[in-house]
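Okay, here's what each chain looks like letter by letter:
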Amino acid sequence: EARDAEETMEALLLDFKNSFAYEPRLILLELIYQIIYTKQPPPESEILQARRIATFLHINVYDQRTIEAKYMYRGQAGAPGGAQTEVQYYAILGLESDSDFATIKKAYRKLSMQYHPDKVSHLGEEFKQVAEEKMKEINMAYDYFKKKFKTV
């Protein structure tokens, strides 16, 4: 619908920003990154545009970086020794690789609140599905670290 609308992208984004809370704006940004990363390699100009959109939608840098990192590391998870998998899990949670478990748990709780599907279910099935997918990834990353830090 947005593609066929006569309004400019700025006008559409302004309307979205003014009409919706923070969580739906996160899901919109998630959808934008999904589209960008269907192209391999993703065009740098489109990544820069997504960053500008994130700024325009008042999405904080941490959340924007978390979403971008998820797609940046996607497809690298099969590296020997699982090193890339761990990097991807840290990226999903928006954390540096030296984060302790308390920091991981705090990030997990924050992201769980932001991406809970109930927060965007009123926007339709597509937004709800993206939120559900994101929650699965967040839970998978957190489960990985729970197991890792229990054995250490």
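Preceding block: the structure.
### Some remarks on helix α3 (residues 44-56)
Here is step 1: If you check α3, its first and last C-alpha atoms are 18 Å apart, about what 13 residues at 1.5 Å a residue would give, namely 18 Å.
Here is step 2: Residues I47, A50, I53 and A54 constitute the buried set of α3. Looking down the long axis of α3, one finds its buried residues gathered within 115 degrees of arc, a one-sided arrangement. Those residues of α3 that are exposed and aimed more than 90 degrees away from the buried face are S45 and T55.
Here is step 3: If you follow the buried residues of α3, they end up packed against α1 (9-19), α2 (22-36) and α4 (61-73).
Here is step 4: Where α3 ends, the next residue or the one after it, H58, has phi of about 60 degrees, a positive value.

### Things to note about the packing of aromatic side chains
Here is step 1: Counted according to the given criterion, the structure contains 13 aromatic pairs.
Here is step 2: Ring centres 5.8 Å apart and planes at 20 degrees place the aromatic pair F101 and Y142 in the stacked group. Separated by 41 residues along the polypeptide, F101 in helix α6 (residues 101-114) and Y142 in helix α7 (residues 125-151) bring together distant segments of the chain.
Here is step 3: For F101, a relative accessible area of 25% corresponds to the partly exposed category.
Here is step 4: Y142 sits in the buried class, given a relative accessible area of 8%.
Here is step 5: Residues Y144 and F145 carry aromatic rings whose centres are separated by 5.1 Å and whose planes lie at 80 degrees to one another, so their mutual orientation is edge-to-face.
Here is step 6: For F145, a relative accessible area of 0% gives the class buried.
Here is step 7: Members of the aromatic cluster, each reached through a chain of ring pairs, are Y89, Y90, F101, Y108, Y142, Y144, F145 and F149.

### Re the environment of T38
Here is step 1: Within the element layout of this structure, T38 appears in the loop between α2 and α3.
Here is step 2: Within the structure, T38 has its side chain in polar contact with the backbone oxygen of I35 (distance 2.6 Å).

Thresholds, definitions, all that
- Residues numbered from 1 in each chain as written.
- Predicted model: local features only at pLDDT ≥ 70, side-chain atom pairs only at ≥ 80, totals over all residues.
- Heavy atoms only, no water.
- Helix = DSSP H or I, 4+ residues; strand = E, 2+ residues; numbered from the N terminus.
- Expected span 1.5 Å × (residues − 1).
- Buried < 20%, exposed > 50% of the residue type's maximum accessible area, 1.4 Å probe, protein only.
- Arc of directions from axis to C-beta.
- Contact = heavy atoms within 4.5 Å.
- Phe/Tyr/Trp six-rings, centres within 6.5 Å; stacked < 30°, edge-to-face > 60°.
- Polar contact = N/O pair within 3.5 Å; in protein donor to acceptor, adjacent residues only side chain to side chain.

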